[in-house]
Amino acid sequence: MTSSRPPVRETRPATPRVRDTAQVRPATEGWTQKKDAEGRPLLQFASPKRGKPPVHLADLTPVERVSKVKELGMPGFRAKQLEKHYFHHWTHDPAEMTDLPAAGRDEFVHGMLPPLLTEVRRLETDRGDTIKFLWKLHDGALVESVLMRYPGRITLCVSSQAGCGMNCPFCATGQAGLTRNMSAAEIVEQVVRANRLIADGGLGDPRRVGHEGERVTNIVFMGMGEPLANYARLMQAVRVMVDKEHGLGMSARGITVSTVGLVPAITKLAHEDIPVTFALSLHAPDDQLRDELIPVNSRWKVDEALDAARAYFEKTGRRVSIEYALIKDMNDHAWRADLLAEKLNSRGRGWVHVNPIPLNPTPGSIWTASERDVQDEFVRRLNDAGIPTTLRDTRGKEIDGACGQLVATEEDQAVAAATPLET
Ligand code: SAH
């Protein structure tokens, strides 16, 4: 984690420095899990009540869109025009919609495509191939997304909630608690804004030409939040992402939904008929340790989560991914690799692959990433047991944009407070 850091560039708007938020790690004192009144690990499933974000085209089904267009005094076919502007040209600017009548255009477009995300900060690294966005929502809540260019694909890591209620001790988002659920349109808008930026040549080498045809090809629900705790909105967002006629027309297999393991929701997801890629954040093969690392394990145990993952594979035919953050001397023992292999193999062959990821540092965390040789041994044991296992390359560490690092810092909050909402 101390390797030389690639240059970080912050592009607009300029940021006043507030105060240094030094990372404290590792601390000597232990971590104590937050508990509820009955002494169970604190989990927040219900979204705290806040003013709802304005209803947006992307929150509605195609039929509902037509009704809303008519309510606003326009003929129904205008819904299709708006869909084209928003999902294909990635714009909500009335000035660009010259196919709509000039009279009343601004109000109409504003009514259907209200502004949802105000860009507060943008941090770049990897020579511009990785970009972290900080967005302010209508009520001031802050969320982040991370855009990454890889050879042959462009991945966007999206947030599904402002904050997270799952309280995982090694994750900065989890430690900050849940602010609220995001609406489907707030989730989709992250993709639309990223597509706009890519089309404008904002991702990667600005001298490279021909960005017009490029767009986000893969989405991972690995930003802020527990997607399955915001199920209905997650699914509406996914439907819009895959809808070829009325949405972004992306491939379902390019969309990965990652969860701490909310078993009933995994089962529901398997029956949706949208074969998204499914990822389970396991991090420990035994309940004794997982109870500590993933507080939701107090509700659904390792075996239940693995059974649900296996059932997902059976129903969809999609190979499941197991995420495993390698934490030094915590969960990285050889015997745990063997136990994991045993548990996966006991449920069949060829249905799963494992994606270990060296722990990314988070502020105040007492834990650190496993040593290199320990990581290699962990991976080797799983591979030897016949389970395809690849160490995940982490992007964005130097801009605190890697897995588990997404949290609004005091500096972010100060910049956000000084940024007026888009209107
Ligand atoms: N709530 C969902 C998705 C968000 S996190 C989930 O838990 O799956 C995406 C992935 O990053 C999860 O596997 C999560 O466990 C992992 N993660 C969290 N904190 C991390 C950290 N500090 N280092 C590495 N991975 C981390």
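The name given to the chain in an unreviewed UniProt entry is Probable dual-specificity RNA methyltransferase RlmN, and the organism recorded there is Microbacterium immunditiarum. Comment text from UniProt for the chain, heading Subcellular location (unreviewed entry), reads "Cytoplasm". Its UniProt record gives the chain a comment under Sequence similarities (unreviewed entry), which states: "Belongs to the radical SAM superfamily. RlmN family."

Novice: I would appreciate a short explanation of the pairing of strand β12 (residues 352-358) in the present structure.
Specialist: Side chains on a regular strand alternate between the two faces of the sheet. Among the seven residues that make up β12, five are buried, leaving the element largely enclosed by the rest of the structure. In the classification by handedness, the crossover that spans strand β11 (residues 320-326), the intervening helix α10 (residues 334-345) and the parallel β12 is right-handed.

Novice: How do you make sense of α10 when you look at a structure like this?
Specialist: Counting along an α-helix, one turn takes 3.6 residues, and residues three or four places apart therefore face a common direction. Under the 1.5 Å per step criterion, the end-to-end length of α10 is 17 Å for twelve residues, consistent within 8% with the ideal 16 Å. Taken together, the buried positions of α10 are Ala337, Leu340, Ala341 and Leu344. The arc that holds every buried residue of α10, seen down its axis, measures 100°, which confines them to one face. Of the exposed residues in α10, the ones pointing more than 90 degrees away from its buried face are Trp335 and Glu342.

Novice: Help me understand the UniProt feature "active site" (unreviewed entry) in the chain in this model?
Specialist: When the UniProt feature table is mapped onto this chain, "active site" (unreviewed entry) is found at Glu144 and Cys403. Over a stretch of 260 residues, the named residues converge on one spot in the fold, their C-alpha atoms separated by at most 11.6 Å. Looking at the secondary structure, you find Glu144 in strand β4 (residues 142-150). Once you skip the residues sitting within four places of it in the chain, Glu144 turns out to touch Lys132, Phe133, Leu134, Ser159, Gly223, Met224 and Leu406. Examined against the element boundaries, Cys403 turns out to sit in the loop between α11 (372-384) and α12 (410-417). C-beta crowding within 10 Å serves as the criterion here: with 27 such atoms nearby, Cys403 is assigned to the buried category. In this structure, Cys403 is in contact with Met222, Ile357, Asn360 and Thr394, ignoring residues within four places of it in sequence.

Novice: Before we go on, may I ask you to explain the site of the ligand in this structure?
Specialist: In the vicinity of the ligand there are 17 residues, among which Cys171, Met222, Ser281, Cys403 and Gly404 approach most closely. Counting only elements with at least two residues in the shell around the ligand, the list comes to β9 (255-259) and β11. Here the shell around the ligand is composed, by residue class, of nine nonpolar, six polar and two charged.

Rules used in this analysis
Residues numbered from 1 in each chain as written. Predicted model: local features only at pLDDT ≥ 70, side-chain atom pairs only at ≥ 80, totals over all residues. UniProt positions renumbered as here; feature names shortened; annotations may be inferred. Buried ≥ 20, exposed ≤ 12 C-beta atoms within 10 Å, placed from the backbone. Helix = DSSP H or I, 4+ residues; strand = E, 2+ residues; numbered from the N terminus. Right-handed = clockwise from strand over helix to strand, strands pointing away. Expected span 1.5 Å × (residues − 1). Arc of directions from axis to C-beta. Contact = placed C-beta atoms within 7 Å. Near = placed C-beta within 6 Å. Nonpolar A, V, L, I, M, F, W, Y, C, P; charged D, E, K, R; others polar.

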